[in-house]
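Structural overview for review
Each chain is listed here by its residues.
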Amino acid sequence: MDRYAVIGNPIGHSKSPQIHRLFAEQTGEQMSYEALLAPIDDFAGTLRSFLSDGLGINVTVPFKEQAWALVDQHTPAAQRAGAVNTIQRQADGSLLGDNTDGKGLVRDIQHNAGLSLAGLKILLVGAGGAARGVIQPLLAAGPAQLCIVNRTVSKAEALGALFIDLGPVSAAGFQWIEEPVDLIINATSASLAGDLPEISPKLIRPGHTWCYDMMYANEPTPFNRWAAEQGAERCLDGLGMLVEQAAEAFLLWRGVRPETAPVLAALR
Ligand code: NDP
C-alpha cells in the first residue's frame, strides 16, 4: 500500500488523515495516510525515516520552514513562500517541496464561496508563515491592492518587500489603515488564544466587506464573531482552505484532483 502522512507537533488534532481517507475512497486510490508526531528536536530524522518507505508527506506547525530547508527541490510556489507543506518523494529518491496553502485559500474564496479577487482591495492581517504562503497566489488573482498589516510592523514590511515585484503589495501597522476594504483575511494566530488583532472596525463596510479567518473551529471564531458584529457581508473560516490545500497535495501525489465539496460537507 502506498503510504502518506502528515507530520507536526502537536498532531493529534489534525483533520488531514480523515480528509485524505475520504479522497482515497472517492477516487479509488490504494493508499494509506497517517498522523506522525515528530519530536521538536528531531523533525529531520522522523521525516527521513518515514520517507524511506512513504511516497509523500504533509508538513504542519511548526515545521514548514525546516521542511523548506530539507528538501532537494522546490516548486515555484514553495520557493517564494519559504515554507513547504507538501513533500513528494520522487523516483530517484530526491524530495520535491511544494506549498499548497495559498492555492487552497484562493480556490476556497473564488471557487467555493464565489468571490472573484480580481480588482479587490484586500487586507491581509498577519505576517507569519501562513501569510507568507498565500501572498503569491493572492497577487496572481489580480487584486487592485494587497495590504499586509501586522502587530510587528517590520515583519509586514519585510514580507511586502519580498513580493513587491509580483503585484500591488504594501505594508502597514494595525492603526495606520482605516479605509474600508473589500476583503479582510485573518492570517494571525490570535484566534487560537481567543484574541483579536487590533484592527479598526472602520475597515469593514457593512453589507459589503467579506472576512476570512484562516483558523477554523466548530463555533464561529473570535475574529468572525467580531466581523459579523461589524456587519460584514460574509464570514468564512479556514476549513475550506484546509480541504483545498489537501486536494492540491493529493493531485501532486496521485495525479487526480478529488471533489472537495462532499468532503467539506462531511467535515462540517
Ligand atoms: P505564525 O506563528 O507563523 O504567525 C503568527 C502571526 O499571528 C504573526 O503575524 C503574529 O504577529 C500574529 N499574532 C499572534 N497573536 C496575535 C495577537 N494576539 N494579536 C495580533 N497578532 C497576533 O503562525 P502561522 O502563520 O503559521 O499561522 C497563523 C494562523 O493560520 C493559525 O491560526 C493557523 O492555524 C492558521 N492556518 C490555517 C491553515 C488552513 O489550512 N486553514 C493553514 C495554515 C495556517 P507578530 O509578528 O507581531 O508576532
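Read on for a plain summary of the structure. (Residues numbered from 1 in each chain as written. Predicted model: local features only at pLDDT ≥ 70, side-chain atom pairs only at ≥ 80, totals over all residues. Heavy atoms only, no water.)

**As for the overall build of the protein**
- A tally of regular secondary structure across the protein gives 10 helices and 12 strands.
- Over its C-alpha atoms the protein spans a radius of gyration of 18 Å, differing by no more than 12% from the 18 Å that the globule rule assigns to 268 residues.
- In terms of its C-alpha atoms, the protein occupies a principal-axis envelope of roughly 55 × 35 × 30 Å.
- Burial analysis of the protein (268 residues in total) assigns 51% to the buried set.
- Restricting to contacts in the protein with at least 6 residues of sequence separation, those with at least 24 account for 66%.
- When the accessible surface of the protein is totalled, it reaches about 11700 Å², and 51% of it is carbon and sulfur.
- Here the protein contributes 20 positively and 28 negatively charged side chains, and the mean placements of these two sets differ by 1 Å. (Helix = DSSP H or I, 4+ residues; strand = E, 2+ residues; numbered from the N terminus. Rg over C-alpha atoms; globule rule 2.2 N^0.38 Å. Buried < 20%, exposed > 50% of the residue type's maximum accessible area, 1.4 Å probe, protein only. Contact = heavy atoms within 4.5 Å. Areas by Shrake-Rupley, 256 points an atom, 1.4 Å probe, with all protein chains shown as cover. Lys, Arg positive; Asp, Glu negative; His and termini not counted. Charge placed at Lys NZ, Arg CZ, Asp CG, Glu CD.)

**What to know about the sheet that holds strand 2 (residues 31-37)**
- Strand order in the open sheet formed by 6 strands is 2-1-3-5-6-4, and the pairing between neighbours is mixed. Edge positions in the sheet fall to strand 2 and strand 4 (73-74), since each has one partner strand and no second.
- Pairing between strand 5 (residues 86-89) and strand 6 (residues 95-98): 4 bridges, direction antiparallel. The partner of Ile-87 across the bridge, within strand 6, is Gly-97. (Pairing = 2+ DSSP bridges.)

**Looking at the sheet that holds strand 7 (residues 121-125)**
- The parallel open sheet is built from 6 strands, whose spatial order is 9-8-7-10-11-12. Sheet topology places strand 9 (169-172) and strand 12 (234-237) at the edges, where each strand pairs with a single neighbour. Taking the axes of each pair of neighbouring strands and ignoring which way they run, one obtains an average angle of 20° across the sheet.
- Here 4 bridges tie strand 11 (residues 210-213) to strand 12, and the two strands are oriented parallel to one another. For Trp-210, the partnering residue across the bridge sits in strand 12 and is Arg-234.
- The strands touched by helix 6 (residues 129-140) within the sheet are strand 7, strand 8 (145-149), strand 9 and strand 10 (183-186), with strand 8 carrying the most contacts at an inclination of about 170°.
- Against the sheet, helix 7 (residues 153-163) contacts strand 8 and strand 9, and its axis sits at roughly 170° relative to strand 9. (Axes fitted to C-alpha atoms, helices over the stretch in contact; angles between N-to-C directions.)

**Overview of the packing of aromatic side chains**
- The final tally for this structure, using the stated rule, is 5 aromatic pairs.
- Summarising the aromatic geometry, the rings of Tyr-33 and Trp-253 are spaced 6.3 Å apart at their centres and angled 45° between planes, so their arrangement reads as tilted. Pair noted here: Tyr-33 is in strand 2 and Trp-253 is in helix 9 (residues 239-254), with a separation of 220 residues, a long-range link. When sorted by exposure, Tyr-33 lands in the same class as Trp-253, which is buried.
- Between the aromatic rings of Phe-223 and Trp-226, the centroid separation amounts to 5.8 Å while the plane-to-plane angle is 35°, which identifies the pairing as tilted. With Phe-223 and Trp-226 both in helix 8 (residues 222-229) and 3 residues apart, this pair spans about one turn of that helix. A single burial state applies to Phe-223 and to Trp-226, both of which are buried.
- An aromatic cluster is defined as three or more aromatic residues linked by ring pairs; in this entry it consists of Tyr-4, Tyr-33 and Trp-253. (Phe/Tyr/Trp six-rings, centres within 6.5 Å; stacked < 30°, edge-to-face > 60°.)

**A word on the environment of Glu-179**
- The topology assignment puts Glu-179 in the loop between strand 9 and strand 10.
- Distance in space between the C-alpha atoms of Glu-179 and Gly-28 is 50 Å, their sequence separation being 151 residues.
- In this structure Glu-179 touches Lys-202 and Leu-203, once residues within four positions along its chain are discounted.

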